Amino acid sequence: MSAVPSTHHLAVSHQSFQVRPFGNLGAEIIGIDLSLPLSAEDFIRVHRAHLDHHVVVFRNQHITPEEQIAFSRRFGVLQIHVLKQFLLASHPEILIVSNIIENGQPIGLGDAGKFWHSDLSYKELPSLGSMLHAQELPAEGGDTLFANMHLAWDTLPASLQKAVEHRKAAHSYTATYSKPKFEGNWRPALTAEQLAEVKEVVHPVVRTHPETGRKALFVNEGFTTRIEGLPGDESRDILAQLYAHSVLPEHLYRHQWQSHDLVFWDNRSLIHLATGCPNHLRRKLYRTTIQGDAPF
Ligand code: OGA
Ligand code: MN
């Protein structure tokens, strides 16, 4: 037997970090450097914080796209966005979220999240969670709002709970795709190939979080088009009530971006909204999107 110590199993060292809840929703994770691989134990703690607080904020992360992708992959398979023209060259796992125009062409999706939504709820397998890493931030505006859909469900008036509890709703990427919201926004027409990738899907209106077992409301104004089995006007009326209830102030966390923030949220528990910023101010973030389970 050789006495030479093996270098193949160098342990990844632990980082000592704290989880500091914001209040209603969300927490800051303080003392982690995401450019370093996380030990198995540290990963478990981050995973737990994500499940407990639904959105976790890591400040001041100087990480490369490769490092963001590697961290994201710890949570699951990554999803490639249908708007291929806005994927980072050579890293299609990253969607560029940006209002910047270069040589007359937008470099990214300028108005991502202009309506309240859960990422990729229009897919058979919607997203587990998404990460946004700030690259360039405007001097004013550009905040992102998050709403807690567990709380929305738990506090929904009983009559509304009863009306939707066992219903399903249709979701479509095209629901609000080219509906204007911010001034001067522009979206490329979807090609036939892209349209084929985003066929309408149906999900339960109330889903069970696959990891915590908690119920959450799972409809959003960005992608949900109708509740199945109800007359059109009734479906519209109920959806409007669900949307209004979801985003009551006591359900919200407002993220005010700081440079090099990385924010990781749970799309099974939350919906989110871009509040927008003045057009002349540059904003650029990199998004990775982790695939989740079929909602049940
Ligand atoms: C997203 C999104 C909101 C924002 O990237 O999924 O909704 O504030 N972004 O940029
Ligand atoms: Mn989004």
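Computed from a predicted structure; not experimentally measured.

So, how was this worked out
- Think of each chain on its own: its residues are numbered from 1, step by step along the sequence as written.
- Chains carry letters and ligands carry numbers; both start at the beginning, A for chains and 1 for ligands, and go up in the order they are written.
- Only residues with pLDDT of 70 or above have their local features reported here, since the model is predicted, and side-chain atom pairs are shown and tallied only from 80 upward, although totals for entire chains, interfaces and linings are computed over all residues.
- Derived side-chain values reflect all non-hydrogen atoms in the structure, with water molecules and hydrogen atoms excluded from consideration.
- Runs of E in the DSSP output that reach at least two residues are strands. Runs of H or I that reach at least four are helices, and both are numbered from the N terminus.
- Here the term buried applies to any residue with accessible area under 20% of the maximum for its type, exposed to any over 50%, and partly exposed to those in between, with areas from a 1.4 Å probe on protein chains only.
- Contact between two residues is taken to exist if any of their heavy atoms lie within 4.5 Å; hydrogens are not considered.
- Computed with a 1.4 Å probe, the accessible areas rest on the Shrake-Rupley method; for each residue, only the protein chains presented here act as cover.
- Residues scored as charged are limited to Lys and Arg (positive) and Asp and Glu (negative), so that His and the chain ends carry no count.
- To locate a charge, take atom NZ for lysine, CZ for arginine, CG for aspartate or CD for glutamate.
- Two strands qualify as a pair provided DSSP detects at least 2 bridges between them.
- Each axis is a line fitted through C-alpha atoms, taken for helices only over the stretch in contact, and angles between the N-to-C directions span 0 to 180 degrees.
- A donor here means an N, O or S atom no more than 2.8 Å from the metal, or no more than 3.2 Å when the metal is Na, K or Ca. Since water is not included, a site may seem to lack partners.
- The near set for a molecule or strand comprises every residue that places at least one heavy atom within 4 Å of it.
- Any pair of N or O atoms that falls within 3.5 Å is considered a polar contact. Within protein, one atom must be able to donate a hydrogen and the other to accept it, and sequence-neighbouring residues count only if both atoms are side-chain atoms.
- Multiply 1.5 Å by the residue count of a helix minus one, and that product is the helix's expected span.

*Asks:* Can you tell me about the overall build of the chain, naming the residues and giving the values?
*Replies:* Broken down by element type, the chain carries six helices and 18 strands. The principal-axis extents of the C-alpha atoms in the chain amount to approximately 75 × 50 × 35 Å. Within the span of the chain, comprising 296 residues, buried residues form 52% of the whole. Sequence-distant contacts in the chain: of pairs separated by 6 or more residues, those separated by 24 or more amount to 82%. Looking at the chain as shown, the accessible area adds up to about 14000 Å², and 53% of this sits on carbon and sulfur atoms. Considering the chain, the positive charge centre built from 27 side chains and the negative charge centre built from 31 side chains are found 3 Å apart.

*Asks:* Now, about the sheet that holds strand E1 (residues 18-21): what can you tell me, with residues and values included?
*Replies:* Taken in spatial order, the eight strands of this open sheet run E1-E2-E3-E16-E8-E18-E5-E4, and their pairing is mixed. Every other strand in the sheet has two partners, leaving E1 and strand E4 (87-88) as the edge strands with one partner each. Summarising the sheet, strand E5 (residues 91-98) and strand E18 (residues 284-291) pair through four bridges and their orientation is antiparallel. Its bridge partner being in E18, Val97 is matched across the sheet by Leu285. The strands touched by helix H2 (residues 65-73) within the sheet are strand E3 (55-58), E4, E5, strand E8 (127-136), strand E16 (262-266) and E18, with E5 carrying the most contacts at an inclination of about 110°.

*Asks:* Before we move on, could you go through the coordination of the manganese ion (ligand 2) and cite the residues and values that matter?
*Replies:* In this structure, His117 (NE2), Asp119 (OD) and His272 (NE2) serve as the protein donors to the manganese ion (ligand 2), at separations of 2.1 to 2.2 Å. Read in sequence order, the donor residues coordinating the manganese ion (ligand 2) give the pattern H-x1-D-x152-H. Of this pair, His117 sits in the loop between strand E7 (105-106) and E8 while His272 is found in strand E17 (residues 270-274), placing the two residues 155 residues apart along the sequence. As far as the burial class goes, His117 and His272 line up, both buried.

*Asks:* Which residues make up the side chain of Asn220, and what values go with them?
*Replies:* Looking at the element boundaries, Asn220 is found in the loop between strand E13 (215-217) and strand E14 (224-227). On the accessibility criterion, Asn220 (1% relative accessible area) is buried. Excluding its chain neighbours within four sequence positions, the residues that come into contact with Asn220 are Trp116, His117, Ser118, Ser121, His171, Tyr243 and Ile271.

*Asks:* Give a description of the site of ligand 1 that names residues and reports values.
*Replies:* Ligand 1 sits among Val97, Ala112, Gly113, His117, Asp119, Leu132, Thr144, Trp265, His272, Ala274, Arg283 and Arg287. Taking Arg283, its side chain carries an N or O atom lying 2.8 Å from an oxygen atom of ligand 1. In the complex, the protein chains occlude 99% of the 290 Å² of accessible area that ligand 1 would expose alone.

*Asks:* Quick one: what's the story with helix H1 (residues 40-53), residue by residue and with numbers?
*Replies:* With 14 residues, H1 extends 20 Å from end C-alpha to end C-alpha; this agrees with the ideal 20 Å at 1.5 Å per step. Looking at the buried positions of H1, the neighbouring elements they touch are E1, strand E2 (27-30), E3, H2, E8 and E16. Positive backbone phi, at 75°, marks His54, one or two positions downstream of H1.

*Asks:* Give me the lowdown on the sheet that holds E14, citing residues and values where you can.
*Replies:* The strand order E11-E10-E14 describes an open sheet built from three strands, whose pairing is antiparallel. Each end of this open sheet is capped by a strand with a single partner; those strands are strand E11 (201-204) and E14. Recorded for the sheet is a direction-independent mean angle of 35° between the axes of neighbouring strands.

Everything listed here is a matter of coordinates, which is why it stays silent on function.
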